[in-house]
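Single-letter residue listing:
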Amino acid sequence: MRRHLDHPETSGMSWRVVGTLWPYLLAFKQRILWASLCLVLAKVASICLPFLLKYVVDALDRQGDVSVASLSEWWLAPLALVVAYGLARFLNVIFNELRDTLFGRVTEDTMRRIGLATFQHLHQLELDFHLNRRTGAVSRDMERGITAINSLMRFMVFNIIPTLVEVGIVVVLLLINYGWPFALTIFLSVTLYIAFSVYATEWRTRFVRKANLADSKSNARAIDSLLNYETVKYFTNEAYEANRYDQALLEWQQAKRQNRLSLFALNGGQALIVALGTTTMLAMAAMGVQEGSLTIGDFVLLNAFMMQIFIPLNFLGFVYREIKGSLASIEGLFALLQQPAKIADAEQAQELEVSQGGIEFVKLGFAYQTERKILHDIQLHIRPGEKLALVGPSGSGKSTLIKLLFRFYDPVSGSVRIDGQDIRHVTQHSLRAALGIVPQDTVLFNDSLRENIRYGQPGASDDEVLQAAKLAHLEGFLAQLPEGLDTQVGERGLKLSGGEKQRVAIARTILKNPRILVFDEATSSLDSRSEQAILAAIRAMSEGRTTLIIAHRLSTVVDADRIVVLQNGRVVEEGNHEALLAKNGMYQQLWQAQQHD
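Cut-offs used in this document
Residues numbered from 1 in each chain as written. Predicted model: local features only at pLDDT ≥ 70, side-chain atom pairs only at ≥ 80, totals over all residues. Heavy atoms only, no water. 1 Å grid on protein atoms, 1.4 Å probe; cavity = no way out; pocket = protein on both sides within 12 Å on 5 of 7 lines; lining within 4 Å. Points joined across faces, edges and corners; volume = space filled by probe spheres on them. Helix = DSSP H or I, 4+ residues; strand = E, 2+ residues; numbered from the N terminus. Nonpolar A, V, L, I, M, F, W, Y, C, P; charged D, E, K, R; others polar. Buried < 20%, exposed > 50% of the residue type's maximum accessible area, 1.4 Å probe, protein only. Pairing = 2+ DSSP bridges. Contact = heavy atoms within 4.5 Å. Axes fitted to C-alpha atoms, helices over the stretch in contact; angles between N-to-C directions. Patch = residues over 30% accessible without salt bridge, like charges linked within 9 Å, V, L, I, M, F, W, Y side chains within 5 Å. Areas by Shrake-Rupley, 256 points an atom, 1.4 Å probe, with all protein chains shown as cover. Salt bridge = Lys/Arg side-chain N within 4 Å of Asp/Glu carboxyl O.

### A closer look at empty space enclosed by the protein
And then number 1: Summed over all chains, the structure comprises two cavities of 30 Å³ or more.
And then number 2: In this structure, the largest cavity encloses a volume near 50 Å³.
And then number 3: As for the largest cavity, its lining consists of Lys387, Leu535, Ile538, Arg539, Ile549, Thr556, Val557, Asp559 and Ala560.
And then number 4: When residues of the lining of the largest cavity are assigned to their parent elements, the largest contribution, three residues, is made by helix 17 (residues 528-542).
And then number 5: Of the residues in the lining of the largest cavity, the class split is five nonpolar, one polar and three charged.

### A closer look at unusual backbone geometry
And then number 1: Notably, histidine 473 is not glycine yet its phi reads approximately 60 degrees, a positive angle.
And then number 2: Considering the arrangement of structural elements, one finds histidine 473 in the loop between helix 14 (462-471) and helix 15 (475-479).
And then number 3: Of note, asparagine 584 is a non-glycine position whose phi angle comes to about 55 degrees, a positive value.
And then number 4: A relative accessible area of 56% means that asparagine 584 is categorised as exposed.

### Quick notes on the pairing of strand 7 (residues 516-520)
And then number 1: Among the five residues of strand 7, five are classified as buried, and the element is accordingly described as predominantly covered.
And then number 2: Burial along strand 7 is two-sided: Ile516, Val518 and Asp520 and Leu517 and Phe519, pointing in opposite directions, are all buried.
And then number 3: The pairing of strand 6 (residues 435-438) with strand 7 spans four bridges and is parallel. In the sheet register, valine 438 faces strand 7, and the bridge partner there is phenylalanine 519.
And then number 4: Inspection of the sheet shows strand 7 paired to strand 8 (residues 546-550) by five bridges, in the parallel sense. The residue of strand 8 that forms the bridge with leucine 517 is threonine 547.

### Concerning the sheet that holds strand 2 (residues 372-382)
And then number 1: If you trace the four strands from one edge of the open sheet to the other, you get 2-1-4-5, paired in antiparallel fashion. Each end of this open sheet is capped by a strand with a single partner; those strands are strand 2 and strand 5 (421-422).
And then number 2: Relative to strand 2, strand 1 (residues 359-369) runs antiparallel, the two being bridged by seven bridges. Pairing of glutamine 369 across the sheet is with arginine 372, part of strand 2.
And then number 3: In this fold helix 11 (residues 398-405) packs onto strand 1, strand 2 and strand 4 (413-418), with an angle of close to 110 degrees to the strand it touches most, strand 1.

### Some remarks on helix 11
And then number 1: For helix 11, the buried fraction is high: six of the eight residues fall into the buried class.
And then number 2: If you check which residues of helix 11 are buried, you get Lys398, Thr400, Leu401, Ile402, Leu404 and Leu405.

### Concerning the sheet that holds strand 9 (residues 562-567)
And then number 1: Strand order in this open sheet of six strands is 6-7-8-3-9-10, and the pairing throughout is mixed. Every other strand in the sheet has two partners, leaving strand 6 and strand 10 (570-575) as the edge strands with one partner each. Strand-to-strand twist of the sheet, defined as the mean angle between neighbouring strand axes without regard to direction, takes the value 20 degrees.
And then number 2: Judged from the four bridges that link them, strand 3 (residues 387-391) and strand 8 form a sheet pairing that is parallel.

### Brief notes about the side chain of threonine 400
And then number 1: Along the chain, the position of threonine 400 falls in helix 11.
And then number 2: Those residues in contact with threonine 400 that lie beyond four places of it in its chain are Phe366, Tyr368, Ile374 and Leu375.

### Remarks on a nonpolar patch on the surface
And then number 1: A cluster of nonpolar side chains, contributed by Val172, Leu175, Ile176, Trp180, Leu184, Phe187 and Leu188, occupies part of the molecular surface with about 750 Å² of accessible area.
And then number 2: Contributions of two or more residues to the nonpolar patch are made by helix 5 (135-178) and helix 6 (180-203).
And then number 3: In this fold, leucine 175 is placed in helix 5.
And then number 4: On the accessibility criterion, leucine 175 (46% relative accessible area) is partly exposed.

### A word on the environment of glutamate 353
And then number 1: Its place among the elements puts glutamate 353 in the loop between helix 10 (296-338) and strand 1.
And then number 2: By relative accessible area, which is 60% here, glutamate 353 ends up exposed.

Structural data, given as structure tokens:
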């Protein structure tokens, strides 16, 4: 019996998944038709082989009776049949290879397009989805699903139906040439084998699914730990992390043991059915030869047909398990594709037109969770070209306002408007294209400094990248690096300090050159000297642009046109630095506390 690797299987996954793949297949109708023709020709050549083998054996069996033919005919007939047998076997292989070659492009193109569609869809999903999903598990679902598409398409289109057709043709040929006992034996063996395979596969689904879940859990645990390498080291929790990972692996090991035992039962049952069917068929053939109703060639033909039937039949069991496994693997992939985007463009969404850059938060209310409201009827108008600072204690809603401005979430009540346009009625792409941000926690790609800066405008030239780096006061840092802008920053930019990463983020935003700027604690990781240089860069960038600054250190926003103080999701004060100090309110308390520190 064929031994094979296990794949996750599914009982809940609908066969509608196959229908979902048809649009991708229909893009290659001509290739599929040619591949199908090669398949038919290969099956015809395959069915001819046992008959040719019978005639060769019968011709050789009569070689002692020289009276039936001349000496030349005696050796020419078997030789011609042997040549025909060899040609039929060759054609069988060639047509199968042609089929695989023709269909290979269909499979690869489908995998590429579905993989791309999934990747694009994941980027369309809201921030909340990504915050609540483990990246490692999502990555595993994508990897397994895309790989399983190859198995599903090849096995479904070119193995299941052709194998059943071949079995049907052989049963009919045996019925015509050898009678119903032989045809019935083949038919019952095939039916019993398929029924047992389906039943046993469904029975062991739970064990394979359990192993699949344990595999995803251990993989996600490992990735999560490695992504937080520094945190693990800070708290000397290497042993703790290793123990958690070992527990996940132990669950996987136990699930795989159950899976292996169920696989043994499945393969053992299939082997028993094959053995009984083959033994019965050959016993009847041997009796026929002894009685004289069958020739030695007939015995060889029946044996060859049994081998020819049970090899693909055995493969059919493998194919069924592979398809069930592929459906389960694709289940995660299609679940991602079918995941509705909570933040989606309206049907008639227009491009955002930024003429002046004014921003309005109109009676804005928001809550991440129903029982805990974050913003309460925020009413705020940022005038075009104004530099406005948001300050307040932690948890007051400053960063939430920024997320709503970028439309990572939609408000529970009220609206956000840019130049009078409700951002829910414009495309997300045009909205975010008009906004530039320097976040507090800058995460860089594992690439060079040059490419991380160029990310702000992928089509920018090297000179433009260098100019942006200079405006962000990176030239001193670059001068210390042997490879300059070509220096690799490492995973998530871990080779750079917090201040260096923030300057890269500023350079990236300078290169993007947006109409509206947002700075979220943009100088939080800088020393005093660097901070002054960056503040000068921010002032230069902000000239003529609407600028929104979130600041913890009030000294960095004393030159803001207006300062808005938030507390518990409400605007409690607003005005310039001097006016707010004169009020002796929340801002004055924060200022005094920081001056004292």
